[in-house]
Amino acid sequence: MALQGTIDAFPLGDVLGLLSSSSKTGRLVLEGDRGTATLWIEDGRVVGGGGSARHADTAELFVFEMLRFGDGSFAFDSGGSEVPEVSVQPT
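Fair warning: this is a prediction, and the values are worked out from it, not measured in the lab.

**Some thoughts on the nonpolar core**
If you look at the biggest cluster of nonpolar residues, it comprises 22 residues, and the most contacted ones within it are Leu12, Leu28 and Leu39. Listing elements by their share of this core, those giving two or more residues are helix H1 (12-21), strand S2 (26-32), strand S3 (35-42), helix H2 (59-67) and strand S5 (72-78). If we ignore the near neighbours within four places in the chain, the residues touching Leu28 are Leu12, Val15, Leu16, Leu19, Ala37, Thr38, Leu39, Ile41, Met66, Phe74, Ala75 and Phe76.

**Some remarks on unusual backbone geometry**
One non-glycine residue with positive phi stands out, namely Ser23, at about 50°. Relative to the helices and strands, Ser23 resides in the loop between H1 and S2. Look at Asp43: it is not a glycine, yet its phi comes out positive at around 50°. On the secondary structure map, Asp43 appears in the loop between S3 and strand S4 (45-51).

**Topic: the pattern of salt bridges**
Counted by the stated rule, this structure contains two salt bridges. Ionic pairing is found between Arg34 and Glu65, a salt bridge with its closest N-O pair at 3.9 Å. A residue pair is termed long-range when its members are at least 10 positions apart, and Arg34 in the loop between S2 and S3 and Glu65 in helix H2 qualify at 31 residues. Judged by its relative accessible area of 35%, Arg34 is partly exposed. Overall, Glu65 belongs to the buried group, its relative accessible area being 12%. For the salt bridge of Glu65 with Arg68, the shortest nitrogen-to-oxygen distance reads 3.3 Å. A relative accessible area of 40% means that Arg68 is categorised as partly exposed.

**A closer look at the pairing of S2**
With seven bridges connecting them, S2 and S3 associate as antiparallel partners. Residue Gly32 lies in a different strand from S3, and its bridge partner there is Gly35. From the end of S2 to the start of S3, which pair antiparallel, there are two residues.

**Some remarks on the sheet that holds strand S6 (residues 86-87)**
In space, the six strands of this open sheet follow the order S1-S5-S2-S3-S4-S6, with antiparallel pairing throughout. Two strands close off the open sheet at either side, each with one partner strand: strand S1 (2-6) and S6. Sheet topology places S3 next to S4; six bridges connect them, and they run antiparallel. Looking across to S4, one finds that Ile41 is bridged to Val46. The strands that H1 touches are S1, S2, S3 and S5; relative to S2, the one it contacts most, it runs at about 175°.

Calculation criteria
- Residues numbered from 1 in each chain as written.
- Predicted model: local features only at pLDDT ≥ 70, side-chain atom pairs only at ≥ 80, totals over all residues.
- Heavy atoms only, no water.
- Core = buried A, V, L, I, M, F, W, Y, C linked by side-chain atoms within 4.5 Å.
- Buried < 20%, exposed > 50% of the residue type's maximum accessible area, 1.4 Å probe, protein only.
- Helix = DSSP H or I, 4+ residues; strand = E, 2+ residues; numbered from the N terminus.
- Contact = heavy atoms within 4.5 Å.
- Salt bridge = Lys/Arg side-chain N within 4 Å of Asp/Glu carboxyl O.
- Pairing = 2+ DSSP bridges.
- Axes fitted to C-alpha atoms, helices over the stretch in contact; angles between N-to-C directions.

Here is the structure:
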């Protein structure tokens, strides 16, 4: 599943809700006014992150850092064999 757009047209909370409710696995990359942040999602749950949010150490903090972006574009790519820069316990 490829999903992409801008957070002004499709808020990040809605994107995360869609990925969670559909139990998707893949990588969500957000590029915007705060740099680039990445979430790794497995079966709809955040399992890691990276980029400008790499200092976070819980799934909640990774999501919080991404929600702080004022503008930007996102892309979700399902699958992939990359591993997160920082792994966390799924929430």
